[in-house]
Amino acid sequence: MTSKYATPALEKGLDILELLAQSRRPMNHSEIAEACGRSKNELFRMVVTLQERGYIEKESGSDGFVLTDRLFRLGLGVRHVRSLTDCATPRLVDLAQRTSQSAHLVVVRGGRTAIVASFSGGSDMYVTLKLGFWRIAADSTSGQIIMAFQSEDLRDRMLDESVALLDTPPDRDALLAKLERLHQVGFERHDSRDFVGVSDICCPILDHTGSAIAAVIVSFVNRHGARTGQDDIVYELSACCAEISRDLGAPKEVLRIVPRGSLGA
């Protein structure tokens, strides 16, 4: 539908940003123009302006453009994200310090997870992922936890968005069964998909509706002689997430602290 308040220059800029956000690879000037249905000359100034303002950049060693994290950092200023991080930060700082493990606050947007806050564990060795690090939600521990704590309609929409980004879609029935299991047990523990010797332990943060607004994932470094084991982390993390959820107005009946011993049950 054509708006009666057309702004061609703005539309061109948004077309480029949305295209690069959906692309799985860098795109050069010619490819951007072709995908947008416009000429290279028509988009030249817009591409240069977006690059100068820091929204896009050329990938090293390539003539292809990719998005920077500027849009992501602007998004951190959105009121509900700011309220979430303001509420969660002191409790996650305390959790990371007490357990000597790093913790990451994660949300899902557009079928992808994104880290919006990171807290180091205060130990001599820990795994910390930078802000904006993302994975496809359907293929990530935190994404699956967040989708497991949604209404059926919203869960299905989030799942559709995420699965569309995968080259090889998973078995949907098997994935739905897993999400139901995660909702029942209240946490997930999975060997890291990126690091050997690291385990991802994850619990949801619930809002006033009882749905997951975010998740916290602890990147547990398996160390000889550590005082705090994975079973302890599950308990501590679930208690921390329950406290944050309570502060965000989650109903008391949906708050859950996973008891110690659950990993061995």
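All values reported here derive from a predicted model rather than from experimental measurement.

A. Local environment of the packing of helix α7 (residues 152–163) against helix α8 (residues 172–185). Close contact between α7 and α8 brings their axes to 13 Å; oriented N to C, the two are set at 130°. Accordingly, the angle class assigned to the pair α7 and α8 is oblique. Considering how the two elements wind past one another, α7 and α8 form a crossing that is right-handed. Contact residues: Arg155, Asp156, Leu159 and Asp160 in α7; Arg172, Leu175, Leu176 and Leu179 in α8. A per-class count over the contact of α7 with α8 returns four nonpolar, no polar and four charged.

B. Region of the structure containing unusual backbone geometry. Although it is not a glycine, Ser100 sits at a positive phi angle of roughly 55°. For Ser100, the location among the structural elements is in the loop between α5 (79–99) and β3 (102–109). Classification of Ser100 as partly exposed rests on a relative accessible area of 29%.

C. Just the environment of Arg91, in detail. Tracing the chain through its elements places Arg91 in helix α5. Given the relative accessible area of 25%, Arg91 is considered partly exposed. In this structure, the C-alpha to C-alpha distance between Arg91 and Ile244, residues 153 residues apart in sequence, is 7.4 Å. Contact partners of Arg91, with chain neighbours within four places excluded, come to Cys240, Glu243, Ile244, Arg246 and Asp247.

D. Molecular detail of the sheet that holds strand β6 (residues 188–191). Taken in spatial order, the six strands make up an open sheet running β5-β4-β3-β8-β7-β6, and their pairing is antiparallel. Two strands in the sheet have a free side with no partner beyond their single neighbour: β5 (134–136) and β6. Taken over all neighbouring pairs, the strand axes of this sheet differ in orientation by 30° on average, direction set aside. With four bridges joining them, β6 and strand β7 (residues 198–206) adopt antiparallel strand pairing. In the sheet register, Glu188 faces β7, and the bridge partner there is Cys202. Each of β6, β7 and β8 (212–221) is contacted by helix α9 (residues 230–247), which is oriented at about 25° to β7, the strand it contacts most.

E. Region of interest: the pattern of salt bridges. Applying the stated criterion to the full structure yields 17 salt bridges. The closest approach of N and O atoms between Arg38 and Asp15, which form a salt bridge, is 3.8 Å. Highlighted residues: Arg38 in the loop between α2 (29–36) and α3 (40–52) and Asp15 in helix α1 (residues 8–22), separated in sequence by 23 residues. Taking the relative accessible area as the measure of exposure, Arg38 reaches 25% and is therefore partly exposed. When the shortest N-O distance is used, the salt bridge between Arg172 and Asp160 registers 3.0 Å. Taken as a pair, Arg172 in helix α8 and Asp160 in helix α7 lie far apart in primary sequence, twelve residues in all. Relative accessible area serves as the criterion here: at 42%, Asp160 is assigned to the partly exposed category. Each of Asp94, Arg98, Asp232, Glu236 and Arg260 takes part in one network of salt bridges that share partners.

About the criteria used
Residues numbered from 1 in each chain as written. Predicted model: local features only at pLDDT ≥ 70, side-chain atom pairs only at ≥ 80, totals over all residues. Heavy atoms only, no water. Axes fitted to C-alpha atoms, helices over the stretch in contact; angles between N-to-C directions. Helix = DSSP H or I, 4+ residues; strand = E, 2+ residues; numbered from the N terminus. Parallel < 35°, antiparallel > 145°, perpendicular 65-115°, else oblique. Left-handed = near helix turned anticlockwise from the far one by under 90°. Contact = heavy atoms within 4.5 Å. Nonpolar A, V, L, I, M, F, W, Y, C, P; charged D, E, K, R; others polar. Buried < 20%, exposed > 50% of the residue type's maximum accessible area, 1.4 Å probe, protein only. Pairing = 2+ DSSP bridges. Salt bridge = Lys/Arg side-chain N within 4 Å of Asp/Glu carboxyl O.

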